[in-house]
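# What the coordinates show
Single-letter residue listing:
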Amino acid sequence: MSVRSAASAPRRAARRAHGTAAQATRRHDRAALDALVRQAGGRATPARAAVLGLLRAAAQPLSHRDVEDALAADGHAFDRVTLYRALEWLQTSGLAHKVAGEDRIWRFASRAQADGAGGHGSHAHFQCRSCGSTLCLDGVPALPAGQARAPRGYQVESAALTLRGLCPACRT
């Protein structure tokens, strides 16, 4: 598989997600998204609400490029820096989490449903080594950082578990 076709799988996910960007904002209406941002201690901005709505509607974690493409296709005119800042803020505030793939690209997913509505708390991820698609494995718990052991004098602040292999589409 060529590098170009391997990189296209996440873009296909973005195209599927872009169709849901407007629906996501409607489904998680702007007022509700703004309230989530404010509850996390932030200023409710159009970019944060749009990105959070998209992440909450996405079936799999999305890269910055996926988010940018999906929101642009939906008519949002956010520049790249604004989207980076929105994604980073959502991650540091606890409304989203990020996972790095073997391709060294960060992908983001909503964590806002960790309140029980979606059970999207601490969990593992699966990444296809061929196409790069990444998905959350909500049924596979990640090792809590407090249970990870580090050498004396070191303090663990986070832990991540990513399983790698082939997705069904790449196995055939």
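So, a few notes on the structure that sits alongside this text. Computed from a predicted structure; not experimentally measured.

### Some remarks on the overall build of the protein chain
Along the protein chain, the regular secondary structure elements total six helices and six strands. Evaluated residue by residue, the protein chain yields a buried proportion of 42% over its 172 residues. Considering only contacts within the protein chain whose residues lie at least 6 apart along the sequence, 52% involve residues at least 24 apart. Carbon and sulfur atoms make up 50% of the accessible area of the protein chain, which totals about 9,900 Å².

### Structural notes on the sheet that holds strand E4 (residues 124-128)
In spatial order, the strands read E5-E4-E6; together these three strands make up an open sheet with mixed pairing. The open sheet has two free edges, formed respectively by strand E5 (134-137) and strand E6 (162-165), since each of these has just one partner strand. Ignoring which end each strand starts from, the neighbouring axes of this sheet average 25° apart. Pairing analysis gives four bridges linking E4 to E5, with the strands arranged antiparallel. Among the inter-strand pairings, Ala 124 is bridged to a residue of E5, identified as Leu 137.

### Digging into the packing of helix H3 (residues 46-57) against helix H5 (residues 80-93)
Their axes nearest at 9 Å, the elements H3 and H5 cross at an angle of 65°. Relative to H5, the crossing made by H3 is right-handed. Residues Ala 47, Arg 48, Val 51, Leu 52 and Leu 55 of H3 lie in contact with H5, whose contacting residues are Thr 82, Leu 83, Ala 86, Leu 87, Trp 89 and Leu 90. Taken together, the residues of the contact of H3 with H5 sort by class into nine nonpolar, one polar and one charged.

### Comments concerning the pattern of salt bridges
With the rule as written, the count across this model stands at four salt bridges. Residue Asp 34 pairs with Arg 30 through a salt bridge whose shortest N-O separation is 2.7 Å. Note that Asp 34 and Arg 30 are positioned in helix H2 (residues 30-39) at a spacing of four residues, about one turn of the helix.

### Description of the side chain of Arg 107
Mapping Arg 107 onto the fold places it in strand E3 (residues 106-110). Overall, Arg 107 belongs to the buried group, its relative accessible area being 3%. A distance of 3.4 Å separates the side chain of Arg 107 from the backbone oxygen of Ile 105, its partner in a polar contact.

### A short note on the nonpolar core
Counting 22 residues, the largest nonpolar core has Val 51, Leu 55, Val 67, Leu 71 and Leu 90 as the members making the most contacts within it. Listing elements by their share of this core, those giving two or more residues are H2, H3, helix H4 (64-73) and H5. With seven residues, the top contributor of residues to this core is H3. Counting seven residues, the second largest nonpolar core, distinct from the first, contains Ala 124, Cys 128, Cys 131 and Cys 170.

Conventions adopted
Residues numbered from 1 in each chain as written. Predicted model: local features only at pLDDT ≥ 70, side-chain atom pairs only at ≥ 80, totals over all residues. Heavy atoms only, no water. Helix = DSSP H or I, 4+ residues; strand = E, 2+ residues; numbered from the N terminus. Buried < 20%, exposed > 50% of the residue type's maximum accessible area, 1.4 Å probe, protein only. Contact = heavy atoms within 4.5 Å. Areas by Shrake-Rupley, 256 points an atom, 1.4 Å probe, with all protein chains shown as cover. Pairing = 2+ DSSP bridges. Axes fitted to C-alpha atoms, helices over the stretch in contact; angles between N-to-C directions. Left-handed = near helix turned anticlockwise from the far one by under 90°. Nonpolar A, V, L, I, M, F, W, Y, C, P; charged D, E, K, R; others polar. Salt bridge = Lys/Arg side-chain N within 4 Å of Asp/Glu carboxyl O. Polar contact = N/O pair within 3.5 Å; in protein donor to acceptor, adjacent residues only side chain to side chain. Core = buried A, V, L, I, M, F, W, Y, C linked by side-chain atoms within 4.5 Å.

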